Amino acid sequence: MDTQIAAYLRAGRRDGVRIGPFVAGFSADRANPYANYAVPDDDARPPPPTSPR
């Protein structure tokens, strides 16, 4: 079910911009901060941790 919701959100952004494994949507003309968000691809995984130097 979660993947269906994410797929719907990704497909619904007419102004969506691909940034890495995300589709991000920005609404410059709306003050609502929740109108700006990014939805990860279904197979997106975080990168492995890096060791401190």
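If you're wondering where the values come from, they're calculated on a predicted model, not measured in any experiment.

Conventions and cut-offs
Residues numbered from 1 in each chain as written. Predicted model: local features only at pLDDT ≥ 70, side-chain atom pairs only at ≥ 80, totals over all residues. Heavy atoms only, no water. Pairing = 2+ DSSP bridges. Helix = DSSP H or I, 4+ residues; strand = E, 2+ residues; numbered from the N terminus. Axes fitted to C-alpha atoms, helices over the stretch in contact; angles between N-to-C directions. pLDDT = per-residue confidence, 0-100. Buried < 20%, exposed > 50% of the residue type's maximum accessible area, 1.4 Å probe, protein only. Polar contact = N/O pair within 3.5 Å; in protein donor to acceptor, adjacent residues only side chain to side chain. Contact = heavy atoms within 4.5 Å.

## As for the sheet that holds strand 1 (residues 17–19)
- Strand order in the open sheet made by the three strands is 1-2-3, with antiparallel pairing throughout. Each edge of the open sheet carries a strand with a single partner, namely strand 1 and strand 3 (37–40). Adjacent strand axes in the sheet meet at a mean angle of 30° when their direction is disregarded.

## Description of the confidence of the model for the protein
- Residues with a pLDDT of 70 or more make up 98% of the protein, whose mean pLDDT is 84.
- Helix 1 (residues 2–12) is the least confidently modelled element of the protein, averaging 84 in pLDDT, while strand 1 averages 89, the highest of any element.

## Comments concerning the pairing of strand 2 (residues 22–25)
- Alignment of strand 1 against strand 2, held across three bridges, turns out to be antiparallel. Bridging across to strand 2, Val17 finds its partner in Ala24.
- Hairpin remark: strand 1 followed by strand 2, antiparallel, with two residues in the connecting loop; positive phi at Gly20, about 60°.
- Pairing of strand 2 with strand 3 involves four bridges; the strand directions are antiparallel. From the neighbouring strand, Val23 faces strand 3, where its bridge partner is Val39.

## Some words on the side chain of Arg10
- Among the secondary structure elements, Arg10 is positioned in helix 1.
- Assessed through its relative accessible area of 17%, Arg10 is described here as buried.
- Polar contacts involving the side chain of Arg10 include one to the side chain of Asp42, which spans 3.1 Å.
- Setting aside its immediate chain neighbours within four residues, Arg10 contacts Val23, Val39, Pro40, Asp41 and Asp42.

## What to know about the side chain of Ser27
- Tracing the backbone shows Ser27 in the loop between strand 2 and strand 3.
- Judged by its relative accessible area of 12%, Ser27 is buried.

## Comments concerning the environment of Pro52
- Here Pro52 lies in the segment after strand 3.
- The exposure class assigned to Pro52 is exposed, which follows from its relative accessible area of 76%.

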